[in-house]
Amino acid sequence: MRRVLQAFANGGQASDHQLRRWANMDPERAVGEMLTFSPVNLALSPLGEGYAPAQFCDSLEATMAFLSSDDPANPMRAANRDWYATLDMDDPIANPLHLYLAWTRIMHTPGCNGFLHKTALYLTNYHAAISVDNAGPTLMRSYYDDTVAALADGADFVELMTMAASHAALARAYGHMDNQFGQDGEFYGNDDFAREYFQLLFGIQGTTEDPIYHETVTIEHNAWLLSGMALDAEPNAWGSEFVLDWLVAPIDFSDHVDAAGRPRLNTRRHYRSDLGADSCLEILREPICGANALEKLVNLGPVAARHPESLASTPLKFVRFFGDDRIDPEEAADLQAAWLEAEFDLLAFLRAYAVSTRFHAPGTVKLRNAFDRNLLIHNANQLSTEQLDAELFFEGPIVRMFDQGALVFAPVRDVFGGQTGNDVANDRFVFKRAWDANVDDPDFLGRAGAYYQPSPDAEYRLWRRDWGAVIPSNDWGQHRVSDVADWLWNRFIGDGGARFDAVARAQVHAMLATGYDFGVLMERSDPGRAWTEADLRRGDLAMASAKLGNFPLDLTTDEGNERVGLAVNFITALPWTFALEVE
């Protein structure tokens, strides 16, 4: 269960009781409860006291409107609210930083469905990726929110790709919002998205096609298809004074005058509009017909999805993002067969993979990107909604993700997607920054802090981390160091203790029992000495580790909770948080 949660939902925030309940269920039923596309999943992410996430879990626009408001139910500390508004605090233009903050917040807000939003992250930042720099903050937000809504409404893969292909954000990012046929019957525009439609959305590179046909017919005709997609503008949309913020979704494919008074001739400027629904283009050797670009995209989607190259590559893209970087030919064949069986039902495919022997088989390795690793750690380290409210925005995972090379809505490869786990594994600087964050950042220990609630002139409240409220005690009501160590390992690593070797155990025992490193306790003259498994098999050292494990830990004190923070910092700097690996 923990492996599924870590791979698909950044660990989720389910209680130990819920995890045991799932573990005792039929696996398919359990995964069916864990992995849904409902905006609110209270089993995966239970509510805290006073929370009503249904107000904003379904979109970033709603999240930003609520968290920046003076609504009495808004839990955000008043000093932080302006950071979640659509507009910049100093200038009346949309601020992309606020969009980044809102996405990060929704990813670890109790009640909000992390699996839904992780899937939407993949679709908008990896699969059909565009950058906020090219689309603009408001259109980028519309694209993301429309993707979330489509997933929640049960759209299949073909419908998701058609929604993306016909979206105003992509039309602006790629520039085909200006594609048109003139009165002279000539095409004016570019073929940028005409090519990426196949490569990115459906994984069709054209390698199985006659290359001349693919370039001069399929791609050229797709560029013609993408004509008549001019965007509407609404003056002062969102209260912005920046004209590019006024571009809005969805595209109206008819001939009309927009709110800015501009004629939008999207039917007339489309390919052979005089033929209406009989206007057809040959693409992928099939006639693709329709009166406007949207009708043709609706008809092209199923043809592209059933192309042999798409059937072969699409399921592998999803699995490489969620579950396994090292897909051998035999596994690829199984995944391709499962994709056919799912009939483009993305949720059914991901659920089937989550319970499959392929995902849980030895040799499965998923290298984590900075999104996954930091959100997983943050979710496991977040104990209460009060803690969430107490955080300043820079105490959340966004700073660590950015510092480690991952920024939502700004894919490092632009249209070819965001940071991968392989990028992290091969970048020593990313590892160094992750290490430094654990070693040097005291906020991660969760020391006590004051925060406003709910307005600047309200009384200060003091928040303290309380690990004792979530870590189970033994039959005598005590928290024994070795029990706490096992619980923490399973919460953050999730392997049932398989990799909790003698060296790691000795270090965690020492930190929990005394607040010091094992080496400092054992050899003060050489505290930096590296300990090996062979060393820890020595009778005296093994006995020392066991003795430390028997110490009681008082979690009613700040000191006890800070010792847990030290242990968490140590555990989450180990290689096992940088990758999910099945032995």
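Here's a quick rundown of the structure. Quantities reported herein were computed from a predicted structural model and do not represent experimental measurements.

Focus on the overall build of the chain
- The helix and strand inventory of the chain stands at 27 helices and twelve strands.
- Reported as C-alpha extents along the three principal axes, the dimensions of the chain are approximately 90 × 60 × 45 Å.
- Looking at the chain residue by residue over its 583 residues, the buried ones come to 54%.
- Counting only carbon and sulfur atoms, one obtains 52% of the accessible surface of the chain, whose full area is about 24000 Å².
- For the chain, the distance from the average site of its 47 positive side-chain charges to the average site of its 84 negative ones is 7 Å.

A short note on the side chain of Lys118
- Positionally, Lys118 belongs in helix α6 (residues 114–127).
- On the basis of relative accessible area, Lys118 is assigned to the buried category, the value being 1%.
- Lys118 has contacts with Gln6, Ala7, Phe8, Asn10, Met107, Phe321, Phe322 and Asp372, leaving out every residue within four places of it along the chain.

A closer look at the environment of Asn95
- Following the sequence through the fold, Asn95 ends up in the loop between α4 (60–67) and α5 (96–107).
- Residue Asn95 is classed as buried on the basis of its relative accessible area of 13%.
- Sequence separation of Asn95 and Gly136 is 41 residues, and the distance between their C-alpha atoms is 9.2 Å.
- For Asn95, the residues in contact, after removing those within four places along its chain, are Thr86, Leu87, Asp88 and Pro137.

Overview of helix α17 (residues 370–381)
- Over its twelve residues, α17 runs 16 Å from end to end, which matches the ideal 16 Å to within 8%, given 1.5 Å per residue.
- Within α17, twelve of the twelve residues are buried, leaving the element largely enclosed by the surrounding structure.
- Considered for burial, the residues of α17 that qualify are Ala370, Phe371, Asp372, Arg373, Asn374, Leu375, Leu376, Ile377, His378, Asn379, Ala380 and Asn381.
- Two or three places before Phe371, at the opening of α17, Asn369 has a side-chain oxygen 3.0 Å from that residue's backbone nitrogen.

Thoughts on the state of the cysteines
- One pass over the full model with this rule turns up two disulfides.
- Note on cysteine connectivity: Cys57 is disulfide-linked to Cys112, with sulfurs 1.9 Å apart. The disulfide joining Cys57 to Cys112 has a torsion of about -80° about its S-S bond and is therefore left-handed. Here Cys57, found in the loop between α3 (27–34) and α4, pairs with Cys112, found in the loop between α5 and α6; they are 55 residues apart in sequence, far enough to count as distant. Comparing Cys57 with Cys112 shows no difference in burial state: the two are buried.
- With its sulfur 2.0 Å from that of its partner, Cys280 forms a disulfide with Cys289. Of note, the bridge from Cys280 to Cys289 carries an S-S torsion of about 105° and is right-handed in sense.
- Here the chain pairs its bonded cysteines, counted in sequence order, in the arrangement 1-2, 3-4.

Points about the side chain of Asn561
- Relative to the helices and strands, Asn561 is located in helix α27 (residues 558–571).
- Once residues within four sequence positions are removed from consideration, Asn561 is found in contact with Arg465, Asp466, Trp467, Gly468 and Leu555.

Structural notes on a nonpolar patch on the surface
- On the surface, Ile93, Phe242, Val243 and Leu244 cluster together to form a nonpolar patch covering roughly 310 Å² of accessible area.
- Within the element layout of this structure, Leu244 appears in the loop between β3 (232–233) and β4 (247–248).
- The class for Leu244 is partly exposed, based on a relative accessible area of 34%.

Overview of the nonpolar core
- Phe8, Trp103, Phe115, Tyr197, Phe318 and Phe409 are the most contacted members of the largest nonpolar core, which has 125 residues in total.
- The next biggest cluster of nonpolar side chains, apart from the first, holds 33 residues, and it includes Trp467, Ala510, Leu536 and Ala567.

Looking at the pairing of strand β7 (residues 280–283)
- Burial along β7 is one-sided: Leu281 and Ile283 are buried, and none of Cys280 and Glu282, which face the opposite way, are.
- Here β7 pairs with strand β8 (residues 286–289) via four bridges, running antiparallel. Bridge pairing in β8 places Glu282 opposite Pro287.
- Counted along the chain from β7 to the antiparallel partner β8, the turn is two residues long, and its residue Leu284 has a positive phi close to 55°.

Examining helix α13 (residues 293–305)
- With 13 residues, α13 should reach 18 Å at 1.5 Å per residue; the first-to-last C-alpha distance of 18 Å fits that figure.
- The sharpest bend along α13 reaches about 25° and sits at Asn299, with the proline Pro302 one to four residues further on.
- What α13 keeps buried is the set Ala293, Lys296, Leu297, Leu300, Gly301, Ala304 and Ala305.
- If you follow the buried residues of α13, they end up packed against α9 (157–165), α11 (192–201), α12 (211–225), β7, β8 and α14 (308–322).
- The distance from a side-chain oxygen at the start of α13 to the backbone nitrogen of Leu294 is 3.1 Å, and the residue carrying that oxygen is Asn292.

Side note on unusual backbone geometry
- Look at the link from Ala249 to Pro250: it is a cis peptide, with omega at 0°.
- Along the polypeptide, Pro250 turns up in the loop between β4 and β5 (255–257).
- The phi dihedral of Arg285 is positive, around 65°, even though this residue is not glycine.
- Topologically, Arg285 is positioned in the loop between β7 and β8.
- Positive phi, normally seen in glycine, also occurs at Phe344, with a value near 70°.
- Structurally, Phe344 is set in the loop between α15 (329–342) and α16 (346–354).
- On the basis of relative accessibility, which here comes to 6%, the residue Phe344 falls in the buried class.

So, the packing of aromatic side chains
- Applying the stated criterion across every chain yields a total of 34 aromatic pairs.
- Measuring from centroid to centroid gives 4.7 Å for Tyr122 and Phe321, while their planes differ by 45°, and the two rings are tilted. Of this pair, Tyr122 sits in helix α6 while Phe321 sits in helix α14, and the two are 199 residues apart along the sequence. The two residues Tyr122 and Phe321 agree in class, both being buried.

Describing the pattern of salt bridges
- Overall, the coordinates contain 22 salt bridges when judged by the stated rule.
- The network of salt bridges with common partners includes Arg21, Arg29 and Glu33.

Considerations on the packing of α4 against α5
- Two numbers describe how α4 lies on α5: the axes approach to 10 Å, and their chain directions differ by 95°. Judged by the angle between their axes, α4 and α5 are roughly perpendicular. Contacts between α4 and α5 pair Leu60, Thr63, Met64 and Leu67 from the former with His98, Leu99, Ala102, Trp103, Arg105 and Ile106 from the latter.
- Looking at the contact of α4 with α5 residue by residue, the class counts come to seven nonpolar, two polar and one charged.

Parameters at a glance
Residues numbered from 1 in each chain as written. Predicted model: local features only at pLDDT ≥ 70, side-chain atom pairs only at ≥ 80, totals over all residues. Heavy atoms only, no water. Helix = DSSP H or I, 4+ residues; strand = E, 2+ residues; numbered from the N terminus. Buried < 20%, exposed > 50% of the residue type's maximum accessible area, 1.4 Å probe, protein only. Areas by Shrake-Rupley, 256 points an atom, 1.4 Å probe, with all protein chains shown as cover. Lys, Arg positive; Asp, Glu negative; His and termini not counted. Charge placed at Lys NZ, Arg CZ, Asp CG, Glu CD. Contact = heavy atoms within 4.5 Å. Expected span 1.5 Å × (residues − 1). Polar contact = N/O pair within 3.5 Å; in protein donor to acceptor, adjacent residues only side chain to side chain. Disulfide = S-S within 2.5 Å. Patch = residues over 30% accessible without salt bridge, like charges linked within 9 Å, V, L, I, M, F, W, Y side chains within 5 Å. Salt bridge = Lys/Arg side-chain N within 4 Å of Asp/Glu carboxyl O. Core = buried A, V, L, I, M, F, W, Y, C linked by side-chain atoms within 4.5 Å. Pairing = 2+ DSSP bridges. Bend = angle between axes of the 7 residues up to and from the residue. Phe/Tyr/Trp six-rings, centres within 6.5 Å; stacked < 30°, edge-to-face > 60°. Axes fitted to C-alpha atoms, helices over the stretch in contact; angles between N-to-C directions. Parallel < 35°, antiparallel > 145°, perpendicular 65-115°, else oblique. Nonpolar A, V, L, I, M, F, W, Y, C, P; charged D, E, K, R; others polar.

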